[in-house]
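Here is how the chains run, residue by residue.
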Amino acid sequence: MATEHNKDILTSSRCPRILVVDDEPRLLRTLADLLRSRDYDVTEALGGREACLQLQQKTYDLALLDLNMPQVDGFQVMKEANQRQPGCGLIVVSGESSFNSVSRALRRGALDYIRKPFDPEELLATVEGVVGKQTLIRDHKRIQSRLEKSEALHRYIVNSSPDIVFMLDETGHICFINNKVESLLGYPTAELCGKHFRHILDDRDVARGTYAMQGPDISADNPRVLEVRLKTRGSRKATRHFEITAFPIDPQSWPQTGKTQGGCTGQPARYYGIARDVTERKEAEAFINFQAYHDLLTRLPNRALFKDRLELAITHARRGQQKLAVMFLDLDRFKVVNDTLGHAMGDRLLQAVTHRLEKCLRKGDTLSRFGGDEFTLLLPCIHGPEDARGIARKLIQALKAPFQLGGHEVFVGVSIGISVFPEAGETMDMLIQNADIAMYHVKARGKDGYRFYSDSMSISTANRLSLERDLRLALERNELRVFYQPQVCSRSNRVVGLEALVRWQHPERGLLYPRDFLPLAEETRLVGKLSEQVIDQACRDVGRWISTGHPDLRLAVNLSPSQVEHPRFVETLMNHVSAHQFPPANLEIEITENVIMNDLEQISQKLKELAATGVRIAIDDFGTGYSSLNYLHRLPIHTLKVDQSFVKAIRGGDDGACIVNAIVAMAHGLKLEIVAEGVETDDQLTYLKSLGCHQVQGFFYGPARPAADITSLLAGDALSLAHTG
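Here is a short report on the structure shown in this document.

Rules and cut-offs
- Position numbers for residues count from 1 along each chain, tracking the sequence in the order it is written.
- The predicted origin of the model limits local features to residues at a pLDDT of at least 70 and limits the giving and counting of side-chain atom pairs to 80 or more, whereas totals for whole chains, interfaces and linings rest on all residues.
- Only hydrogens and water are removed before side-chain values are computed, so all heavy atoms of the structure are retained for them.
- Numbering of helices and strands starts at the N terminus; helices are DSSP runs of H or I of at least 4 residues and strands are runs of E of at least 2.
- Three exposure classes are used, based on accessible area relative to the maximum for each residue type with a 1.4 Å probe and protein chains only: buried under 20%, partly exposed in between, and exposed over 50%.
- Any two residues whose heavy atoms approach within 4.5 Å are treated as being in contact.
- Each accessible area is a Shrake-Rupley result for a 1.4 Å probe, and residues are judged covered by the shown protein chains and nothing else.
- Pairs of strands are assigned from DSSP output, requiring at least two bridges between the strands.
- Only the stretch in contact is used when fitting a helix axis, every axis being a line fitted to C-alpha atoms; angles between N-to-C directions are given from 0 to 180 degrees.
- Two distance rules govern patches: like charges are joined within 9 Å, and nonpolar side chains (Val, Leu, Ile, Met, Phe, Trp, Tyr) within 5 Å, applied only to residues with over 30% relative accessible area and no salt bridge.
- We count a salt bridge whenever a side-chain nitrogen from Lys or Arg sits within 4 Å of a carboxyl oxygen from Asp or Glu.
- Positive: Lys, Arg. Negative: Asp, Glu. His and the chain ends are not part of the count.
- Charge positions come from single atoms, namely NZ of Lys, CZ of Arg, CG of Asp or CD of Glu.
- A cavity here means a set of 1 Å grid points, computed over protein atoms only, where a 1.4 Å probe fits but cannot escape. A pocket is an open set with protein on both sides within 12 Å along at least 5 of 7 lines, and lining residues have an atom within 4 Å of a point.
- Grid points are joined across faces, edges and corners, and a volume is the space filled by probe spheres set on the points.

1. A look at the overall build of the chain
Okay, so step 1: On a plain count of helices and strands, the chain comes out with 27 helices and 27 strands.
Okay, so step 2: Residues classed as buried in the chain amount to 47% of the 725 residues present.
Okay, so step 3: Contacts in the chain between residues far apart in sequence, at least 24 positions, make up 64% of those at least 6 positions apart.
Okay, so step 4: When the accessible surface of the chain is split by element, carbon and sulfur atoms take 51% of a total near 36,000 Å².

2. Examining the side chain of serine 560
Okay, so step 1: You can see serine 560 is positioned in the loop between strand E21 (554-558) and helix H19 (561-565).
Okay, so step 2: Given a relative accessible area of 8%, serine 560 falls into the buried group.
Okay, so step 3: In contact with serine 560, not counting residues within four places along its chain, are Glu522 and Val527.

3. Quick word on the sheet that holds strand E12 (residues 366-371)
Okay, so step 1: Here five strands make up an open sheet; going across it, the order is E12-E13-E11-E16-E17 and the pairing mixed. Only two strands of the sheet have a single neighbouring strand rather than two, namely E12 and strand E17 (450-452). Pairwise comparison of adjacent strand axes, ignoring direction, gives a mean angle of 20 degrees for this sheet.
Okay, so step 2: Two strands pair when backbone bridges link them, and strand E11 (residues 323-332) and strand E16 (residues 413-421) are joined in this way by nine bridges, in the antiparallel orientation. Bridge pairing in E16 places alanine 325 opposite valine 420.

4. Quick word on a nonpolar patch on the surface
Okay, so step 1: A surface patch of nonpolar side chains, amounting to about 330 Å² of accessible area, comprises Leu153, Tyr156 and Ile157.
Okay, so step 2: Residue placement: isoleucine 157 occurs in helix H6 (residues 120-159).

5. A word on the pairing of strand E24 (residues 639-642)
Okay, so step 1: Covered by surrounding structure in E24 are Thr639 and Lys641 together with Leu640 and Val642, the residues of both alternating faces.
Okay, so step 2: Taken together, the three bridges between strand E23 (residues 616-622) and E24 define a ladder with parallel strand orientation. Opposite alanine 618, over in E24, you have threonine 639 as the bridge partner.
Okay, so step 3: Pairing between E24 and strand E25 (residues 673-676): four bridges, direction parallel. Bridged to threonine 639 within E25 is glutamate 673.

6. What to know about a positive patch on the surface
Okay, so step 1: On the surface, a cluster of positive charge is made up of Lys79, Arg104, Arg107 and Arg108.
Okay, so step 2: For arginine 107, the position within the fold is in helix H5 (residues 99-107).

7. Some points on empty space enclosed by the protein
Okay, so step 1: Considering all chains together, one arrives at three cavities of 30 Å³ or more under this definition.
Okay, so step 2: Counted as a void, the largest cavity has a volume near 190 Å³.
Okay, so step 3: Along its surface, the largest cavity is lined by 15 residues, and Phe166, Phe197, Ile200, Leu230 and Ile244 are the ones closest to its centre.
Okay, so step 4: Looking at the lining of the largest cavity, the elements that each hand over two or more residues are strand E6 (164-169), strand E7 (174-177), helix H9 (206-213) and strand E8 (224-232).
Okay, so step 5: Its boundaries defined by the atoms lining it, the second largest cavity holds a volume of some 50 Å³.
Okay, so step 6: Along the walls of the second largest cavity sit Val20, Asp22, Leu27, Leu28, Leu31, Val93, Lys116 and Phe118, which together make up its complete lining.
Okay, so step 7: Those elements that provide at least two residues to the lining of the second largest cavity are strand E1 (17-22) and helix H2 (25-36).
Okay, so step 8: With three residues, the top contributor of residues to the lining of the second largest cavity is H2.

8. Structural notes on the environment of methionine 327
Okay, so step 1: Along the chain, methionine 327 falls in strand E11.
Okay, so step 2: Take methionine 327: its relative accessible area is 0%, and that puts it in the buried class.
Okay, so step 3: On a C-alpha basis, the gap between methionine 327 and phenylalanine 375 in space is 8.2 Å, while along the polypeptide they are 48 residues apart.
Okay, so step 4: Beyond its immediate chain neighbours, meaning those up to four positions away, methionine 327 contacts Phe375, Thr376, Leu377, Leu379, Ala388, Ile391, Ala392, Leu395, Ile416, Gly417, Ile418 and Ala435.

Below is the structure:
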């Protein structure tokens, strides 16, 4: 198949086709032969009717015709030719020479008029001139048509481009811009033509965009490529991101004239380029970046971003000799909510908690979700621990009010560990780790509070992993020991109860006390297994003493908050008691006020279930937590244990004794038993007796002892115990 270009060549190079029309056969043949002698393609038509038929069947470049013909004259043939083949040239060869005839023929489109009889050379010259002129006209039209098609094609390509196509003059004013600018940014092309391109640059990118176009190193081989924001019409806030590629225009490759230079400014175009909309790509990149550094549920910074910001904050604090604080937050009772109401409700709770916590922060603080129900908080540029203390109290208070999840009212609390730079660590990892350690000390003391890290909490990093490994082995090898501290009747000196206290007989470090390993047990989630071993051993020991003549002996066991909050707490505890056939009425469990108030509804139900089996309930460290009378009369509480810090305050005339007075009076009013902890001196014991506090424990009667010593004690003194101080 020939292309359009090839067709044009064939058309322009073929022999011209001529139609000769006359009603006299001799003249017709003479004229035709004359033209054929010059290699023209000649068709003869005898009369006007035959000529009209030929014009309907073939295409001709030129027609020579007589005017005076019967039936159909030359004027009618000219009319037919003009209608059917307007590109066909017309020459009149006629004996009619009147002015009217000649004028009429020329008006009908005749290109020349030859009188009969004609001079052959003159006729051939006239035909050759007309044929050449017709060829030029045809070629011009053909080239014009091709130019128009090419221009239309380029206009279609430019205006259908997915990108903005533009041209700028030397000063940066827009010479040309395609229609795409209207669909992408809302500007009609006429509005932008003649304006400087900074008119559509976002204010933040004006300086950078203007400088880029003025760079000295821009060339065809080194085009200017930059990303900028362009403003949409009618809104200074709405912007879209574009990648611009701009090339210089070489005057030698495009020598512009007044007709070809930019129509908007009248100045020659010096740059051309495209602006590609990359908004969706930028948004996708931003979302991917957000995913990489944020938690998608709470939209808070994640662990990676938090560490980046902490590292930077440490650098600034060290340079400016300032302080900063890191808080490690762990939600209390979140697992219970998640297990009870499902993960969807758990997710909603985390979002609601995040919303409340964020309201407590200062500008510049960073709250992140570290994982699960754990959060970390960076407080840069603090004056001292008091600033962190204030924020911690606000965070705890913010979570006091219940959360509404569907039809459920849910309570959660938060345990917060705090490490301050540089006292609690000078590196990112140390600050996070030490805040974590402090948080677990809060958990161990009953949750829903805060503590600052101190060296006394520290298990050195070098020993931490080995101690955790050893603790796991200790549980497998039964290295834990249960010691018992007697609870004594102050009037008779008789042992009425024994509090079970755990010790760890470490094969290398010797006997370790709870403060040395319980925080680590909480942190590593080993405290549950540890408590189970303590309960099993205590039930065996005390059960044996009960069955050998001491039926009223009471076993007191201190339980960790995580045990009490476990959904199967009551079932698990009673399974251990039943397994050793231990009488429930001889068992007293000790829990702190904070554990109760963290989830009053759930805990109260569990305590009622235990009380129904005969198990006694004691409030440990009474007076250091909520001290709410409300729960004391609502719950099956049997005993209050006065914290040793209040007992130590008992001195001659010391006002600190007033707290003990109030607690003892409260217990008597509520008909509760009371046990004073930490009794060490005769003065303390005498004062407590005078108040009517008849059960005490502490170093006044000696430290906690192993089971063998208790066996001897019970057997030798019939439950009476003399002062050993």
